[in-house]
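A look at the structure
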Amino acid sequence: IDIHNFKAYNLKYGFEQGDQVLKLFSATLRSVVKTHGHNKDFLSHITCDDFVIISFVDNVARIIENIFSLFGDLKYKIYDEETLNLGHIVYTIDSGVELKSDLLRIAISVIKVDEGKYKHYAELITFAKEMLAVAKTKCKETGSNQVVYG
């Protein structure tokens, strides 16, 4: 799971506000997994704006649906009125150039792991990263949350 356009958000609102977004999103993920997952599900924040959930296949659709729904509800907590009205983030880079970016989006790759499919966990991680890159590309192309299955 990746929060797409997070760098632009940090450049617009600052790292402290970006940390608040990560905390809100983490709480959202915990709530979704607790409510719609299984008590053996696993959730972790693995890097800057990337998270992983390990769950049973029968929970995946509900979990994704609720992540997208609840993340959409966060927009009123994380953006100022001007950004919401514009529908995109306007930010300035170090050189003083003003740029714009889509609002934050969620990119998710779902990997079904069948016994014996991967010889080593590193193969699974590599494939998951490749699929997440596809989801992020689709976010950029469509301007909407995306999920890809592999």
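Just so it is clear, the structure is predicted and the values come from calculations on it, not from any experiment. (Residues numbered from 1 in each chain as written. Predicted model: local features only at pLDDT ≥ 70, side-chain atom pairs only at ≥ 80, totals over all residues. Heavy atoms only, no water.)

**Quick notes on the pattern of salt bridges**
Applying the stated criterion across every chain yields a total of two salt bridges. Among the ionic pairs, Lys136 bridges to Asp2, the shortest N-O distance being 3.9 Å. Of this pair, Lys136 sits in helix α6 (residues 121-142) while Asp2 sits in strand β1 (residues 2-4); the two residues are 134 residues apart in sequence, bridging distant segments of the chain. Across the pair Asp114 and Lys112 runs a salt bridge, and its minimum N-O distance is 2.8 Å. A relative accessible area of 36% places Asp114 in the partly exposed class. (Salt bridge = Lys/Arg side-chain N within 4 Å of Asp/Glu carboxyl O. Helix = DSSP H or I, 4+ residues; strand = E, 2+ residues; numbered from the N terminus. Buried < 20%, exposed > 50% of the residue type's maximum accessible area, 1.4 Å probe, protein only.)

**Describing α6**
The end-to-end C-alpha distance of α6, which contains 22 residues, comes to 31 Å, matching closely the 32 Å that a straight helix rising 1.5 Å per residue would cover. Among all positions in α6, only Met131, Leu132, Ala135 and Cys139 are buried. Projected down its long axis, α6 shows its buried positions confined to an angular sector of 110 degrees, all on one face. Residues Lys129, Lys140 and Glu141 are exposed on α6 and point more than 90 degrees away from its buried face. (Expected span 1.5 Å × (residues − 1). Arc of directions from axis to C-beta.)

**Quick word on the packing of helix α2 (residues 15-36) against helix α3 (residues 60-73)**
Packing of α2 against α3 brings their axes to within 10 Å, and their N-to-C directions diverge by 145 degrees. The element α2 and its partner α3 pack so that their crossing is right-handed. Seen from α2, the contacting residues are Phe25, Thr28, Leu29, Val32 and His36; seen from α3, they are Arg62, Ile63, Asn66, Ile67, Leu70 and Phe71. A per-class count over the contact of α2 with α3 returns seven nonpolar, three polar and one charged. (Axes fitted to C-alpha atoms, helices over the stretch in contact; angles between N-to-C directions. Left-handed = near helix turned anticlockwise from the far one by under 90°. Contact = heavy atoms within 4.5 Å. Nonpolar A, V, L, I, M, F, W, Y, C, P; charged D, E, K, R; others polar.)

**Describing the side chain of Asp49**
Note on placement: Asp49 falls in the loop between β2 (42-47) and β3 (50-54). This buried residue, Asp49, is left without a salt bridge; Lys136 holds the nearest opposite charge, at 6.0 Å. Discounting residues that sit within four places of it in the chain, Asp49 has contacts with Ile1, Asp2, Ile3, Phe6 and Leu22. (Lys, Arg positive; Asp, Glu negative; His and termini not counted.)

**A closer look at the nonpolar core**
One finds Ile1, Ile3, Phe25, Ile67, Leu104 and Ile106 to be the most contacted residues of the largest nonpolar core, which totals 26 residues. For Phe25, the contacting residues outside a window of four places in its chain are Ile1, Ile3, Phe51, Ile67, Phe71, Leu74 and Ile106. (Core = buried A, V, L, I, M, F, W, Y, C linked by side-chain atoms within 4.5 Å.)

Scope: geometric values only; no functional claims are made or implied.
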